[in-house]
Amino acid sequence: MAIPNDIASLHDYERHAQARLSEEAWAYIYGASADEYTARSNESVYSAIKLLNQTLTDVSKGHTQLDLLGHRLAHPIMLAPVAYQKLAHVDGEIASATAAAAQGALFTLSTLSSSRIEDVAQCAQGPRWFQLYFQDSRAQTLELIKRAEKSGFSAIVVTVDAPINGLRNREQRAGFQLPDGVRAVNCQPERQRQINPDESMIFQGLMRHAPSWKDIDWLRQHTTLPIILKGLINPRDVSIALQHEIDGVVISNHGGRTLDTLPSPIEVLPRIHELTKGDIPIIVDSGIRRGTDIFKAIALGADAVMIGRPIMYALATAGALGVAHTIRLLRDELELTMALCGCETLSDITPDCLWQPA
Ligand SMILES: Cc1cc2nc3c(=O)[nH]c(=O)nc-3n(C[C@H](O)[C@H](O)[C@H](O)COP(=O)(O)O)c2cc1C
Ligand SMILES: CCCCCCC(=O)C(=O)O
């Protein structure tokens, strides 16, 4: 699959992907929760933050390298866990993991991957993390963790903001269902939960076995890998995470796919950065589409960022080549922004690089 000639930015991949995907698959990938206010705001909040350029600065020794949880990375752009990537391209996660390795981007494999953990690991020869959704039983959860450890995944990213699915109205309207041949191949089928007629489908049904902090402590006892919590927005949850000796956090509203009208990560980031004081890495996702977005997130306290939907847009448009190109585009845009703002390294990117109206 070749890269179409008219692609200059991630927005162009989005346009091409919409034209290529079925209406149902588009509703799942592009869609978000309820009225999608949070998903829209995730992108628009970035454009409301203004940069401050800095002229006549020597940036000839510039680079975007960073150290993160034992990895020396060439740049701070990571691939978020995204389920069912074969919806976008027949090679699914194998294609995106290969592209990430080629571009030196850290790859995160979803529990709901449509490709086998071991097969992805063979292609993702670069740094890789495994995203965990707790399974129906601890034995099933442990089996996933052990497979990930054996396959060289170097951290467990526990997603904590989606114990139940968000209100996916766009998906419901489109009648989205996974097509034949696309499924969570690493998981056992979910147990059907029986409730009495006077019980709530949510509280006594879907949430009955939802994970809690106790499960995080249990996980700590069963893996020596770093544990990163993904889906934190509330500073209070970050304080609790610190008490549980978590190794890192992904500040995320799941791309607006869980609870509509949550704030965007970039809005809560300064407060969370104040709390963590640089003790643990902060990764930010939801709405990152430009190098300027990455720059702004770093200025406000992020160490690195993740992209979610753009992986699927790139896969649908041009397979592995598209994903590699997407990462490269973002990296080039970040470098350009750093150069024009007089920043040689990521640590030069501070709140002073942003315009603060008096
Ligand atoms: C199609 C799709 C599937 C996703 N699947 C997962 C998943 O399996 N696990 C998870 O933690 N997050 C999942 N996410 C959320 C992403 O990891 C990420 O938080 C979000 O997409 C970031 O926002 P962005 O799409 O605006 O970049 C998914 C997102 C999308 C769009
Ligand atoms: C019960 C949560 C299911 C989430 C499915 C995958 C995901 O995270 C997403 O679509 O977003």
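Note that the structure is predicted; figures quoted are calculated from it, not measured.

Rules used in this analysis
- Residues numbered from 1 in each chain as written.
- Chains lettered and ligands numbered in written order.
- Predicted model: local features only at pLDDT ≥ 70, side-chain atom pairs only at ≥ 80, totals over all residues.
- Heavy atoms only, no water.
- Helix = DSSP H or I, 4+ residues; strand = E, 2+ residues; numbered from the N terminus.
- Rg over C-alpha atoms; globule rule 2.2 N^0.38 Å.
- Buried < 20%, exposed > 50% of the residue type's maximum accessible area, 1.4 Å probe, protein only.
- Contact = heavy atoms within 4.5 Å.
- Areas by Shrake-Rupley, 256 points an atom, 1.4 Å probe, with all protein chains shown as cover.
- Lys, Arg positive; Asp, Glu negative; His and termini not counted.
- Charge placed at Lys NZ, Arg CZ, Asp CG, Glu CD.
- Axes fitted to C-alpha atoms, helices over the stretch in contact; angles between N-to-C directions.
- Parallel < 35°, antiparallel > 145°, perpendicular 65-115°, else oblique.
- Left-handed = near helix turned anticlockwise from the far one by under 90°.
- Nonpolar A, V, L, I, M, F, W, Y, C, P; charged D, E, K, R; others polar.
- Near = heavy atom within 4 Å.
- Polar contact = N/O pair within 3.5 Å; in protein donor to acceptor, adjacent residues only side chain to side chain.
- Disulfide = S-S within 2.5 Å.

> Before we go on, may I ask you to explain the overall build of the chain in this structure?
Within the chain one finds 13 helices and ten strands. Scaling as 2.2 N^0.38, a compact globule of 358 residues should have a C-alpha radius of gyration of about 21 Å, and the chain matches this with 20 Å. If one aligns the C-alpha atoms of the chain with their principal axes, the spans along those axes are about 70 × 45 × 40 Å. Relative to its full complement of 358 residues, the chain shows a buried share of 56%. Counted over contacts in the chain with a minimum sequence separation of 6, partners at least 24 positions apart contribute 73%. For the chain, the exposed surface amounts to about 16,400 Å²; the carbon and sulfur share of it is 51%. Separation between the mean location of the 33 positive side-chain charges and that of the 41 negative ones in the chain comes to 3 Å.

> Explain the packing of helix α10 (residues 235-243) against helix α11 (residues 265-276) here, please?
Each pair of packed helices can be summarised by the angle the axes make with each other and by the distance between the axes. Running from amino to carboxyl end, α10 crosses α11 at an angle of 25 degrees, the nearest separation of the two axes being 10 Å. The pairing of α10 with α11 is recorded here as roughly parallel in orientation. The interaxial crossing formed by α10 with α11 has right-handed handedness. For the pair α10 and α11, contact is made by Pro235, Val238, Ser239 and Leu242 and by Arg271, Ile272, Leu275 and Thr276, respectively. Broken down by class, the residue content of the contact of α10 with α11 amounts to five nonpolar, two polar and one charged.

> Please explain the site of ligand 1 as it appears in this structure.
If you check the shell around ligand 1, you find 23 residues, and the closest are Pro81, Ser110, Thr159, Asp285 and Arg289. A distance of 3.0 Å separates an oxygen atom of ligand 1 from a polar side-chain atom of lysine 230. At the level of elements, α2 (23-30) and α13 (309-340) are the ones that each hand at least two residues to the shell around ligand 1.

> Help me understand the state of the cysteines in this model?
A disulfide bridge is the covalent bond that connects two cysteines by way of their sulfur atoms. Inspection of the entire model under this criterion finds zero disulfides. Among the cysteines around cysteine 123, which has no disulfide bond, cysteine 187 carries the closest sulfur, lying 19 Å off. For cysteine 123, a relative accessible area of 27% puts it in the partly exposed group.

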